[in-house]
Amino acid sequence: MGNLVRTVDAADRLRLDLDALSDEAGVRLNVGCSPLREDFDRMLPFAWIRMLGGDRHGIVVDSVTLSVDVYAATWKQAMDAALDAHMLTARLPYDQDALTDWKTVSALSLPYENPDPDHPSIPRCSFSLTAVVKADIR
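Quick summary incoming for the structure in this document. As the structure is a computational prediction, the values presented were derived from the model and not from experiment.

### Details of the overall build of the protein
Check the secondary structure of the protein and you find 2 helices and 7 strands. Traced from its N-terminal end to its C-terminal end, the protein shows the element sequence β-α-β-β-β-α-β-β-β. When its C-alpha atoms are laid out on the principal axes, the protein stretches across 55 × 30 × 25 Å. The contacts in the protein between residues at least 6 apart in sequence include a share of 61% that link residues at least 24 apart. A total of about 7500 Å² of accessible surface is found on the protein, and carbon and sulfur atoms cover 50% of it. Charge centroids of the protein, computed over 14 positive and 21 negative side chains, lie 4 Å from each other.

Structure (structure tokens):
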């Protein structure tokens, strides 16, 4: 059997890299992936990352779509934290310490107010991005 190529769990990789970058940049942001933690409201500001799919570009390169929802205590704090998270994602292809080989990161949307019907009392701002990443070769 030849090499196998497996798409990386880009949501979890983004979680790890955003967590490290936010500490390094002095940005206060807690980060998690699906499912949304039941206690996320005690960890505000909190960025919830989900992978929405994507497609394969070449033999070992994938283009993935990611959604980032940022919750905070106020609408201003939610927008500020979403803008910080968006800023940090744009830096990933240039970060030599990143855990993932992020080839490119492109904004599909800038942060916008996005009330969560399941948690209407907690402000949420969201953005989405496409990232080109190297797949795992096994």
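### Some thoughts on the nonpolar core
With 31 residues, the main nonpolar core has L14, L29, I49, L66, V68, V70 and W102 as its most contacted residues. Elements with a minimum of two residues in this core: α1 (10–25), β2 (30–33), β3 (46–56), β4 (61–71), α2 (75–91), β5 (102–113) and β6 (124–134). If we skip the residues at most four places from it in the chain, V68 touches L14, A47, W48, I49, C125, S126, F127 and L129. Counting 7 residues, the second-largest nonpolar core is a separate cluster that includes F40, L44, Y71 and I122.

### Description of the packing of aromatic side chains
Applying the stated criterion to the full structure yields 2 aromatic pairs. Ring geometry for F40 versus F46: centroids 6.2 Å apart, planes at 50°, classification tilted. No difference in accessibility class separates F40 from F46, as the two residues are buried. Plain terms: the ring middles of F40 and Y71 are 4.6 Å apart, the flat faces sit at 55° to each other, and that makes the pair tilted. Note that F40 is positioned in the loop between β2 and β3 and Y71 in strand β4, a separation of 31 residues in sequence. Neither F40 nor Y71 differs from the other in exposure class; each is buried. The rings of F40, F46 and Y71 are connected pair by pair, giving a single aromatic cluster. Just above the ring of W48 sits the side chain of R50; from NZ or CZ to the centre is 4.4 Å.

What counts and how
The residue numbering used here restarts from 1 in each chain and proceeds along that chain's sequence as written. Totals for whole chains, interfaces and linings use every residue, but because this is a predicted model, local features are given only for residues with pLDDT of at least 70 and side-chain atom pairs only at 80 or more, for both listing and counting. Heavy atoms throughout the structure, all of them, feed into the side-chain values; hydrogens and water do not. Numbering of helices and strands starts at the N terminus; helices are DSSP runs of H or I of at least 4 residues and strands are runs of E of at least 2. Residue contacts follow a heavy-atom distance rule, with two residues in contact if any of their heavy atoms lie within 4.5 Å. Residue burial considers only the protein chains on display, and all accessible areas are found by Shrake-Rupley using a 1.4 Å probe. Only four residue types enter the charge count, namely Lys and Arg as positive and Asp and Glu as negative; His and the chain termini do not. A charge is said to be at NZ when it belongs to Lys, at CZ for Arg, at CG for Asp and at CD for Glu. In plain words, nonpolar cores are sets of buried Ala, Val, Leu, Ile, Met, Phe, Trp, Tyr and Cys residues tied together by side-chain atoms within 4.5 Å. Throughout this description, buried means an accessible area under 20% of the type-specific maximum (1.4 Å probe, protein chains only), exposed means over 50%, and partly exposed covers the range between. By convention, a stacked pair of Phe, Tyr or Trp rings (six-membered ring in the case of Trp) has centres within 6.5 Å and planes under 30 degrees apart, an edge-to-face pair has planes over 60 apart, and any other such pair is tilted. For a lysine, the NZ atom is tested; for an arginine, the CZ atom; a charge sits over a ring if that atom is within 6 Å of the ring centre and within 35 degrees of the ring normal.

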